[in-house]
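Coordinates in review
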Amino acid sequence: MELYKQQKIKVYNSLTNSKEDFIPLNEGYVGMYVCGPTVYSNVHLGNVRTFLSFDLIFRYLKHLGYKVRYVRNITDAGHLENDADEGEDRISKKARLEELEPMEVVQQYTVDFHKVLDEFNLLPPSIEPTATGHIIEQINIIKEILNKGLAYEINGSVYFDVLKYNEKEHYGILSGRNIEDAIHNTRELDGQSEKRNPQDFALWKKAQPEHIMRWPSPWSDGFPGWHLECTAMSTKYLGEQFDIHGGGMDLKFPHHECEIAQAKSCYEVSPVKYWLHGNMLILNGRKMAKSTGNYILPLEIISGNNTILSKPFPATVARFFMLQAHYRSVLDFSSDALEGAEKGYYRLMSAVGSLQNINAGSQSSFDVTVWRQSCYDAMNDDFNSPVLIAQLFEGVKYVNQLLENKASLTEEDLAIFKETFNAFVFDVLGLVDVTSKDNSDKLGKVVEMLIDMRNEARANKNWALSDKIRDKLAAVGVQLKDGKEGTTFSVN
Ligand code: AMP
Ligand code: ZN
């Protein structure tokens, strides 16, 4: 029987501000959409934290046996400088400054994004669509919203009519705002604006002559509004209604609010069952952000090339550090915090390593299944990774007792114990054992040294020594193979 039939998850739904039973629209299947990066610069560690939170969720759902379709987009057009409807396209601006084609900028930072997520051992999503690859779908949604009378065209641009929408629906349902307050708090239109109301947002913008990222449409040569791409790509691949939509807290308003308004207007259903929002990574008491210069790049952590940390740290240690906080809590980044996480990480890895060498006893002195369920309970409670990690450290205590022969487990229980440890540490938390990599690097160097010594022996026609080296290595499972290019080895 699939695990998801036994393990019942509760998720915190930002739409209702409460924890709810997680019941997917189609049993056994989960559709999840997460807003991806705008690829105009390197992702910082804060961005990685948000994607990591959803990687944890993706991994756990898969572990439970759900068939998950995880869609995470790449924003490669339409995201203007100030998150609103004015200013230059972020990608065009970078292209102009660096004297590149916009698509060169997109390529460069998409590659960087993938490299970073790979270093941090995030699984690739099932589909990674781009905004520029879905212009037709976006145009079709605009047509439909115009048909419904919930948008208007002016001077080649199309705007969503928030006030009209709000007559029947609640614009602000997700962010808890109401339109009357918004009207009260927004500055007057400056006379330059074409919008009927400041709350309205662009679905399509006519391109100014200098704007190079442009596509034909029934209204003008132009480009889609930023919020529209996510509606187009999520519903194209997951259907008009899907289970989970995620992103950072800072996207709740206006981005996700606008997504709801667009999808409801177009398809007449609320698009998302569970809205999940990850909290911010903080540096020096402020949100980590590229725009303020208050950030650290993920690869700078690994290289040590930064002014914040005392030394370099492996990516998996930074990953462990971030998983020590619940995804809905703010998390402070500092050198001390990372050093603390490093100690915990090595303690965990050392226990996982020694666990493999423990032998079964004739009876069990603790209840493995109770401990295992406590690990599931942690993750079932809105993916509470810090509580899961605390449970794993309870497990580490057992490992130490087993090592010191102060406890024992039957063969069956020992198998459950090992399997649970491996599943949660590697499959669900996605940690990587760099201690074994360190050791395999060292082993490689030692074997290379012995190959050199054997070559010396052969050069001196000392066949006895050369054979001895080969045979002794073979006895510990290292096979030498002499070829034209020299001697290579393999480890059994
Ligand atoms: P962007 O490329 O700016 O759209 O951001 C990509 C993702 O990173 C979004 O989901 C943001 O909410 C998220 N994000 C941005 N800054 C932070 C931060 N300091 N901590 C956590 N997530 C962040
Ligand atoms: Zn989005």
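Conventions and cut-offs
- Residues numbered from 1 in each chain as written.
- Chains lettered and ligands numbered in written order.
- Predicted model: local features only at pLDDT ≥ 70, side-chain atom pairs only at ≥ 80, totals over all residues.
- Heavy atoms only, no water.
- Helix = DSSP H or I, 4+ residues; strand = E, 2+ residues; numbered from the N terminus.
- Buried < 20%, exposed > 50% of the residue type's maximum accessible area, 1.4 Å probe, protein only.
- Areas by Shrake-Rupley, 256 points an atom, 1.4 Å probe, with all protein chains shown as cover.
- Near = heavy atom within 4 Å.
- Polar contact = N/O pair within 3.5 Å; in protein donor to acceptor, adjacent residues only side chain to side chain.
- Donors = N, O, S within 2.8 Å, 3.2 Å for Na, K, Ca; no water.
- Salt bridge = Lys/Arg side-chain N within 4 Å of Asp/Glu carboxyl O.

Concerning the overall build of the protein chain
Scanning the protein chain from terminus to terminus reveals 16 helices and 15 strands. Overall size of the protein chain, expressed as C-alpha extent along the three principal axes, is 90 × 55 × 40 Å. Sorting the 492 residues of the protein chain into buried and exposed places 50% on the buried side. Put simply, the protein chain shows about 23100 Å² of open surface, and 48% of that area lies on carbon and sulfur atoms.

Here's the deal with the site of ligand 1
Neighbouring residues of ligand 1: 16 residues in total, closest Gly46, Thr50, Asp250, Leu281 and Met288. Here Gly46 contributes a backbone N or O atom positioned 3.0 Å from a nitrogen atom of ligand 1. In this structure, Asn47 approaches ligand 1 through a side-chain N or O atom, which is 3.0 Å from an oxygen atom. Here ligand 1, which alone exposes 490 Å², has 91% of that area covered by the protein.

Some words on the coordination of the zinc ion (ligand 2)
Ideal values differ by geometry: the angle at a metal is 109.5 degrees with four tetrahedral donors, but 90 or 180 degrees with six octahedral donors. Summarising the metal site, the zinc ion (ligand 2) is bound by the protein donors Cys35 (SG), Cys230 (SG) and His255 (NE2), whose distances to it range over 2.0 to 2.2 Å. Written as a sequence motif, the donor residues of the zinc ion (ligand 2) are C-x194-C-x24-H. Within this pair, whereas Cys35 is found in the loop between strand E3 (29-34) and helix H1 (45-63), its partner His255 is found in helix H8 (residues 252-267), the two being separated by 220 residues in sequence. For His255, a relative accessible area of 1% gives the class buried.

Details of the pattern of salt bridges
In this structure the tally under the stated criterion is 23 salt bridges. Residue Arg328 is joined to Asp382 by a salt bridge in which the shortest nitrogen-to-oxygen separation is 2.9 Å. You can see Arg328 sitting in the loop between helix H10 (315-323) and strand E13 (331-333) and its partner Asp382 sitting in the loop between helix H12 (368-380) and helix H13 (385-403), a full 54 residues away along the chain. Across the pair Arg458 and Asp482 runs a salt bridge whose closest N-O atoms are separated by 3.4 Å. With Arg458 in helix H15 (residues 434-459) and Asp482 in strand E14 (residues 478-483), this residue pair connects regions lying 24 residues apart in the sequence. Residue Arg458 is classed as partly exposed on the basis of its relative accessible area of 29%. Given a relative accessible area of 42%, Asp482 falls into the partly exposed group. Via salt bridges that share partners, Asp55, Arg59 and Arg319 belong to a single interconnected network.

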